[in-house]
Amino acid sequence: APVNRHDPHEITPECPVSCLRAVLSWKTLSVLASAPEAPFDPPETVGDVLRLHRERRLRQISGLGRRRIGEIGVGLVYAGFSTERSRPRNPEPT
């Protein structure tokens, strides 16, 4: 996993959103961290961003269009995270 060049360490879900500076543009990170007009509080951790991405809720943040959301997805993958949505398990046949 890449390290945050501003504060060298591995990016983990517990890291503050600012750790994503290593993988996101300044503008994308700025909009993401402030979450203008979103119906939820701004994400505080990388794990919060990962959850919002998996739940497809990033589009609710004003200023995050398809390109910036794509950048966030690529950045999360580059940081070593899976952005796949959890799929319900198929029930065992009886």
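Residues numbered from 1 in each chain as written. Predicted model: local features only at pLDDT ≥ 70, side-chain atom pairs only at ≥ 80, totals over all residues. Heavy atoms only, no water.

Q: Quick one: what's the story with the confidence of the model for the protein chain, residue by residue and with numbers?
A: It should be kept in mind that the predicted coordinates are not to be read in detail where pLDDT is low. This prediction gives the protein chain a mean pLDDT of 87; 81% of its residues lie at or above 70. By mean pLDDT, helix H3 (residues 66-78) is the weakest element of the protein chain at 95, and helix H1 (residues 26-34) is the strongest at 97. (pLDDT = per-residue confidence, 0-100. Helix = DSSP H or I, 4+ residues; strand = E, 2+ residues; numbered from the N terminus.)

Q: Kindly report on the layout of surface pockets, identifying the contributing residues and their values.
A: The space that makes up the largest pocket amounts to roughly 160 Å³. Taken together, His53, Arg56, Leu58, Arg59, Leu64, Gly65, Arg66 and Ile69 make up the full set of residues lining the largest pocket. Tallied by class, the residues present in the lining of the largest pocket amount to 3 nonpolar, 2 polar and 3 charged. (1 Å grid on protein atoms, 1.4 Å probe; cavity = no way out; pocket = protein on both sides within 12 Å on 5 of 7 lines; lining within 4 Å. Points joined across faces, edges and corners; volume = space filled by probe spheres on them. Nonpolar A, V, L, I, M, F, W, Y, C, P; charged D, E, K, R; others polar.)

Q: Mind laying out the packing of H1 against H3, listing which residues take part and the relevant values?
A: The geometry of H1 relative to H3 is characterised by a closest axis approach of 10 Å and an angle of 95° between their N-to-C directions. In terms of orientation, H1 lies roughly perpendicular with respect to H3. Contacts from Lys27, Thr28 and Leu32 in H1 reach Arg68, Glu71 and Ile72 in H3. For the contact of H1 with H3, a count of residues per class yields 2 nonpolar, 1 polar and 3 charged. (Axes fitted to C-alpha atoms, helices over the stretch in contact; angles between N-to-C directions. Parallel < 35°, antiparallel > 145°, perpendicular 65-115°, else oblique. Contact = heavy atoms within 4.5 Å.)

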